[in-house]
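# Examining the three-dimensional arrangement
If you want the building blocks of each chain, they are given just below.
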Amino acid sequence: MVQVKFQYGEFAPFLRDLNKYLAEAQKHSANEIQSKMIEEYLEHFKTGCMTKHIDSQKLWIQDKGPIIETNIGFIESYLDPLKIRAEFEGFVAVVNQEESLILNKLVEGANTTLKYLTWGEAFECDVFRKPDFTSLDVLAFASSGIPIGINIPNYNEVR
Amino acid sequence: MATPYWSTHQADFEKIYSRIGKLIFNAETPYAHIDFSDKHGTSGYYSKSVTSADAELVKELTISKGIKSENNRLVKQGDKEFIVKIASIDAKEEII
C-alpha cells in the first residue's frame, strides 16, 4: 500500500511577493484581457491550481499584438526526467515591430514551406495553425537559462 | 573585475557557495546526469530515494486525480510514503 499526500504551500513566501507585484502590474494592464489574465495568475499562485494557469494562457493567446509581452509560471519541463514537472520562469519584453513583420512573412508562407520539409506527414500536425510569431527585446528573463526562442503555451488544452 | 556587491555581499556568497559549489561543477556519477537515482542521475524534482518506478506510480495516481504536475516536486518518506509538494501561497493537505 502506497500513501500519497498532496501538500500545498511550497514556496509560499516567494509566491506571496510575486502576487503582490503582479497585483500592482495588473493596475497597468493595457486592456481587459490582460487584466483578466493576471487575475487568473493571482488565483493560480494563491491556490496552486494548474487549471487557473491554463485559464491564464487561454487569455494570454487572446491578447493579440501587445507592445509589452510577458509570461510567468511553471512552464518548461525539459529538466524533469518524466517531463511533467516544470521550471519557473517569468519574463518581460518589448515587441520589436519591424523584426516581427519579417517573422510574420515566414508564418504567412508556412503552408507552402511545410510541403518542402524533408520529413513526412507523420511528424506534422494535421492542420497547421498560424502562431503569433514575434521578435522580442527582453528586459528581464528570470529562470535558470535564457532561451533564444520559446513556443508557448505548452498545454495541449490551449494549442 | 568585481561589482560593488562583492564587497557588500561576499560573506553571503561564500556561505551559499561553500554548500553548492562542488555540486555545480561535479562531473562524477550521479551529479553529471539528470535522471532518477536508479538511473544513476540527480534531479531537483525528486528526493534521492525516489526511483523511476516510484515516479511513474505517483504520476498515474496524480493523473487519475485530475492534477497536473507542472508546479510540484516529489519527495519520498520511508518506504511507501510520498509527498507531492505543490507551489502555492495557501497551505493545505490532501491524502489519497
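Residues numbered from 1 in each chain as written. Chains lettered and ligands numbered in written order. Predicted model: local features only at pLDDT ≥ 70, side-chain atom pairs only at ≥ 80, totals over all residues. Heavy atoms only, no water.

### Description of the overall build of chain A
Looking only at helices and strands, chain A has 5 helices and 4 strands in total. C-alpha extents for chain A along the principal axes are approximately 50 × 50 × 25 Å. When burial is assessed residue by residue, chain A has 37% of its 159 residues classed as buried. Within chain A, residue pairs in contact and separated by at least 24 positions form 56% of the contacts whose partners lie at least 6 positions apart. Carbon and sulfur atoms make up 58% of the accessible area of chain A, which totals about 10,100 Å². (Helix = DSSP H or I, 4+ residues; strand = E, 2+ residues; numbered from the N terminus. Buried < 20%, exposed > 50% of the residue type's maximum accessible area, 1.4 Å probe, protein only. Contact = heavy atoms within 4.5 Å. Areas by Shrake-Rupley, 256 points an atom, 1.4 Å probe, with all protein chains shown as cover.)

### With respect to the sheet that holds strand β2 (residues 68-76) of chain A
In a beta sheet, neighbouring strands are held together by backbone hydrogen bonds and run either parallel or antiparallel to one another. Residue and element names in this part refer to chain A. Strand order in the open sheet formed by 3 strands is β2-β3-β4, with antiparallel pairing between adjacent strands. Because the sheet does not close on itself, it has two edges, and the strands there are β2 and β4 (136-142). On average, each strand axis in the sheet is inclined to that of its neighbour by 20 degrees, with strand direction left out of account. Across 8 bridges, β2 lies against strand β3 (residues 87-95) in antiparallel orientation. For I72, the partnering residue across the bridge sits in β3 and is G90. (Pairing = 2+ DSSP bridges. Axes fitted to C-alpha atoms, helices over the stretch in contact; angles between N-to-C directions.)

### Quick notes on the pattern of salt bridges
Applying the stated criterion across every chain yields a total of 11 salt bridges over all chains. One salt bridge connects R73 of chain B with E10 of chain A, and the closest N-O pair in it is separated by 2.4 Å. Of this pair, R73 of chain B sits in strand β1 (residues 72-77) while E10 of chain A sits in strand β1 (residues 3-10), each in a different chain. Residue classification places E10 of chain A among the buried positions, given a relative accessible area of 12%. The salt bridge involving K68 of chain B is made with E70 of chain B; its shortest N-O contact spans 3.9 Å. E70 of chain B gets classed as buried once you look at its relative accessible area, which sits at 14%. (Salt bridge = Lys/Arg side-chain N within 4 Å of Asp/Glu carboxyl O.)

### With respect to the confidence of the model for chain B
When pLDDT is averaged along chain B, the result is 94; 100% of the residues meet or exceed 70. Model confidence for the complex is summarised by a pTM of 0.90, with the ipTM given as 0.91. (pLDDT = per-residue confidence, 0-100.)

### Considering the environment of D35 of chain B
Turning to its location among the elements, D35 of chain B is positioned in the loop between α1 (4-25) and α2 (52-64). It is 9.8 Å that separates the C-alpha atoms of D35 of chain B and Y45 of chain B, two residues lying 10 residues apart in sequence. Leaving out residues up to four positions away in the same chain, D35 of chain B has contacts with P81 of chain A together with G41, T42 and S43 of chain B.

### Description of the nonpolar core
With 20 residues, the main nonpolar core has L15, L18, L22, M37, I38, Y41 and F45 of chain A as its most contacted residues. Listed by contribution, the elements that provide at least two residues to this core are α1 (12-26), α2 (32-47), α3 (50-62), β2 and β3 of chain A. Ranked by residue count, the leading element in this core is α2 of chain A, at 5 residues. Counting 16 residues, the second largest nonpolar core, distinct from the first, contains F6 of chain A together with Y46, V50 and A55 of chain B. (Core = buried A, V, L, I, M, F, W, Y, C linked by side-chain atoms within 4.5 Å.)

### Observations regarding the sheet that holds β1 of chain B
In space, the 4 strands of this open sheet follow the order β1(B)-β2(B)-β1(A)-β3(B), with mixed pairing throughout. The outermost strands of the open sheet, each flanked by one partner alone, are β1 and β3 (92-95) of chain B. Neighbour-to-neighbour, the strand axes of this sheet turn through a mean angle of 20 degrees, independent of strand direction. Note that β1 of chain A and strand β2 (residues 81-87) of chain B share 7 bridges and pair parallel. The residue bridging K5 of chain A from the neighbouring strand is I83 of chain B, located in β2 of chain B.

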